[in-house]
Amino acid sequence: MENVLCRPDVIRQTLAQHGFRFDKRKGQNFLTAPWVPERMAALFSKGQAVLEIGPGFGALTAALAETCGSVTAVEKDKLLLPILRQNLSSCGNVTLVEGDALRLDLAFPGLTAVCANLPYSVTTPLLTRLMEHTRLDPVVVMVQREVARRLAARPATPEYGAITVFMALCARCSVLFDVGPDCFMPRPAVTSSVIRLDRIPRDARVPDALRIVKAAFAQRRKTLGNALSAGLALPRETVAERLEKAGIDPSARGETLSPEQFLMLAYHM
């Protein structure tokens, strides 16, 4: 079935009807390529109740409604809510929730997974919140391609950073496919990527490891020994001794350590 919510003429007519204008500050870019929401929705089944953040014009919401058991869509922009109610009026398994996903309790009863086209400006805090405060699995989201590369980066590469390690300690990250600027209205200046995060069992040392990660990457140019001494307020000799017990060279830099090494270091620190 054609997803009419991806048609530029339908988008323009509906927005004009409601007097809606795009706000660049809110990162509003509506999908115009039907294959994108179809491909994202195809990753889910009727047995899943999916959380969507920022449904926008509702193209992905409609695709998910056809594939999933139910969809709970959280929209912050009050001006989009009447448009969404109109566009999704025939979708009986969709629940619209007005609110800010960075403030709401996202652990809605019965939800099992996440699928969303995330606003670029809040991608990292939203993903962090989803990983820390929900058990939803999998998390399939569209993000800026550069962010996707950071999330899936390998140690000792320019993209590797604290957010990479954090995500690796929570989930396996797979970059599924890219989505070009021509797939949106208005056209963004960047290419997007759809990623999938599949949760892994959470190690009890993760909170301690994250404190170490934050200290290690706070001053990337410093050696690990000096960075952890400053970040954790520990004497350099103590840090050097504990690093050596973990089998890590104090003169190494944080970006060379794997997530598993940060977990090991949390055991010794």
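Just above sits the structure.
Residues numbered from 1 in each chain as written. Predicted model: local features only at pLDDT ≥ 70, side-chain atom pairs only at ≥ 80, totals over all residues. Heavy atoms only, no water.

Q: Describe the overall build of the chain, naming the residues involved and giving the relevant values.
A: If you tally the helices and strands in the chain, you get 11 helices and 9 strands. Along the first, second and third principal axes, the C-alpha set of the chain runs to 70 × 35 × 30 Å. The buried share of the chain, taken over its 269 residues, is 51%. Contacts spanning at least 24 positions in sequence make up 66% of the contacts within the chain whose residues lie at least 6 apart. Total accessible area computed for the chain in this model is approximately 12,900 Å², and 51% of it derives from carbon and sulfur atoms. Placing the 33 positive and 26 negative side-chain charges of the chain at their respective mean positions leaves the two points 4 Å apart. (Helix = DSSP H or I, 4+ residues; strand = E, 2+ residues; numbered from the N terminus. Buried < 20%, exposed > 50% of the residue type's maximum accessible area, 1.4 Å probe, protein only. Contact = heavy atoms within 4.5 Å. Areas by Shrake-Rupley, 256 points an atom, 1.4 Å probe, with all protein chains shown as cover. Lys, Arg positive; Asp, Glu negative; His and termini not counted. Charge placed at Lys NZ, Arg CZ, Asp CG, Glu CD.)

Q: Any details on the layout of surface pockets? Residues and values, ideally.
A: What the largest pocket holds in volume is close to 690 Å³. In terms of lining, the largest pocket is formed by 35 residues, of which the most central are K26, G27, G54, E75 and P119. Going through the elements one at a time, strand 1 (30-31), strand 2 (49-53), helix 3 (59-67) and strand 3 (70-75) are the ones with two or more residues in the lining of the largest pocket. Each residue belonging to the lining of the largest pocket can be placed in one class, and the counts come to 18 nonpolar, 10 polar and 7 charged. (1 Å grid on protein atoms, 1.4 Å probe; cavity = no way out; pocket = protein on both sides within 12 Å on 5 of 7 lines; lining within 4 Å. Points joined across faces, edges and corners; volume = space filled by probe spheres on them. Nonpolar A, V, L, I, M, F, W, Y, C, P; charged D, E, K, R; others polar.)

Q: Could you give an account of the pattern of salt bridges, with specific residues and numbers?
A: Taken as a whole and assessed by the stated rule, the structure comprises 9 salt bridges. Of the charged contacts in the structure, one is a salt bridge between K76 and D100, with a shortest N-O distance of 3.7 Å. Here D100 lies in the loop between strand 4 (94-98) and strand 5 (113-117) and K76 lies in the loop between strand 3 and helix 4 (81-87), a separation of 24 residues in the sequence. (Salt bridge = Lys/Arg side-chain N within 4 Å of Asp/Glu carboxyl O.)

Q: Give a description of empty space enclosed by the protein that names residues and reports values.
A: Over the atoms, a rolling probe the size of a water molecule traces out where space has been left empty. Inspection of the entire model under this criterion finds 1 cavity of 30 Å³ or more. Lining the largest cavity are M131, R135, L169, C170, R199, I200 and R202. Of the residues contributing to the lining of the largest cavity, the split by class is 4 nonpolar, no polar and 3 charged.

Q: Describe unusual backbone geometry, and please don't skip the residues or the numbers.
A: A cis geometry characterises the amide bond from D137 onward to P138, with omega recorded as 5°. Position of P138 among the secondary structure elements: in the loop between helix 5 (123-133) and strand 6 (139-144). Note the cis peptide between M185 and P186, where omega equals -10°. Note that P186 resides in the loop between strand 8 (184-185) and strand 9 (192-199). Located in the positive-phi region is A156, a residue other than glycine, with phi close to 65°. Residue placement: A156 occurs in the loop between helix 6 (145-151) and helix 7 (162-170). You will see that A233, though not glycine, has its phi angle at about 55°, which is positive. Its location among the elements puts A233 in the loop between helix 9 (224-232) and helix 10 (236-245).

These figures come from the coordinates and say nothing about function on their own.
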